[in-house]
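Here is what each chain is made of, one letter per residue.
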Amino acid sequence: MKAKAHRGDPFDALGNSYRRAIVELLADQPHSVQEIADRMPISRPAVSRHLRLLNRAGLVTDQQVGTRRLYRLDEQGAEAARKYLAQVWGHVGTRFRLFAENTRPLTQRR
Amino acid sequence: MIEPFRTSFDVACAPDHAFAAWTQKASSWWPVEHTASHEAGTKILFEPRVGGRIFERTPGGLEIEWGEVVEWDPPRRLRYLWHIATDPEHATDVEIVFRELPDSSTRIEIEHGGWERLGEIAQSWREANRAGWDGVLPSYMSACRVS
């Protein structure tokens, strides 16, 4: 799995309850895709899709251990999570500020 | 308890304009890549009352719900449940405070929390993974806090 090609957004990563659940599961210990799928009401391919998105958001990484591929929280994940929310809200804030500062009060427009 | 994400910034306009711009003109500034449809020309609409819907409407007329207004206190405070791309029962909480500054500009304070609201499915094994929950994840999410 190639890491961090781009960052996800909140709707693609922590905005989804299954992905938050996977993050919580991996906080306990590394797991294979099958182990994660066994604990959740979604299919193995669905788990793989969620893991790919979490990987792109920099939250999860993987490692081959013998015949098994194990997924774990990225050690840099805390920083990634902070940056990722800061990036999203920063983007929203910047666009909002530009708009609000360059428009007249809506109720006082002549 | 997972620490909410917090951030703030100042805007050179009065709170009533900032509040109105946030709630009535979101279509003009909300990044289209952070919509559910990702479609250019999508409108973002707030129903201006507690219990009001927050949703987007694509140019084709498709409506996708984002959340629900929990507190409507213009021009000071806005709170909503935000469940874009997930089920309503797994919504996160967004609070926007519009604080008037002495120079009549506005400080926008954003708090985005409710990350612990994982729903019943997660709840069942959350009990089984208490060590993990109490260990790594809180520090993981507390790092989301911006000082």
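Structure report, in brief. (Residues numbered from 1 in each chain as written. Chains lettered and ligands numbered in written order. Predicted model: local features only at pLDDT ≥ 70, side-chain atom pairs only at ≥ 80, totals over all residues.)

**Looking at the overall build of chain B**
Reasoning step 1: Counting its secondary structure elements, chain B contains 5 helices and 7 strands.
Reasoning step 2: The secondary structure elements of chain B, listed N-terminal to C-terminal, are β-α-α-β-β-β-β-β-β-α-α-α.
Reasoning step 3: Within chain B, buried positions represent 30% of all 147 residues.
Reasoning step 4: For chain B, restricting intrachain contacts to residue pairs at least 6 apart in sequence, the fraction spanning at least 24 positions comes to 40%. (Helix = DSSP H or I, 4+ residues; strand = E, 2+ residues; numbered from the N terminus. Buried ≥ 20, exposed ≤ 12 C-beta atoms within 10 Å, placed from the backbone. Contact = placed C-beta atoms within 7 Å.)

**With respect to helix H3 (residues 44-56) of chain A**
Residue and element names in this part refer to chain A.
Reasoning step 1: With 13 residues, H3 extends 18 Å between its outermost C-alpha atoms, agreeing within 8% with the 18 Å of an ideal straight helix rising 1.5 Å per residue.
Reasoning step 2: Of all the positions in H3, only Val47, His50, Leu51, Leu54 and Asn55 are classed as buried. Here the buried residues of H3 occupy an arc of 140 degrees about the axis, which is enough to place them on one side.
Reasoning step 3: Phi turns positive one or two residues past the end of H3, at Gly58, with a value near 80 degrees. (Expected span 1.5 Å × (residues − 1). Arc of directions from axis to C-beta.)

**A closer look at the sheet that holds strand E4 (residues 63-73) of chain B**
For sheets, the rule is that strands pair by backbone hydrogen bonds, running either parallel or antiparallel.
Residues and elements named next belong to chain B.
Reasoning step 1: Taken in spatial order, the 7 strands make up an open sheet running E1-E7-E6-E5-E4-E3-E2, and their pairing is antiparallel. Edge positions in the open sheet fall to strand E1 (5-11) and strand E2 (43-46), since each of these has one partner strand only. Across the sheet, the mean angle from the axis of one strand to that of its neighbour is 20 degrees, orientation sign disregarded.
Reasoning step 2: Where strand E5 (residues 77-82) lies against strand E6 (residues 92-100), 6 bridges are found, and the strand directions are antiparallel. By the bridge assignment, Tyr80 is partnered in E6 with Val94.
Reasoning step 3: Packed onto the sheet, helix H1 (residues 15-24) meets E1, E2, E5, E6 and strand E7 (106-113) and runs at close to 155 degrees relative to E6. (Pairing = 2+ DSSP bridges. Axes fitted to C-alpha atoms, helices over the stretch in contact; angles between N-to-C directions.)

**A short note on unusual backbone geometry**
Residue and element names in this part refer to chain B.
Reasoning step 1: Looking along the chain, the bond that leaves Pro74 and enters Pro75 is cis, with omega of -5 degrees.
Reasoning step 2: Relative to the helices and strands, Pro75 resides in the loop between E4 and E5.
Reasoning step 3: The backbone of His38 sits at a positive phi, close to 60 degrees, despite the residue not being glycine.
Reasoning step 4: If you check the backbone angles, Ser104 has positive phi at about 55 degrees while not being a glycine.
Reasoning step 5: Examined against the element boundaries, Ser104 turns out to sit in the loop between E6 and E7.

By themselves these figures say nothing about function.
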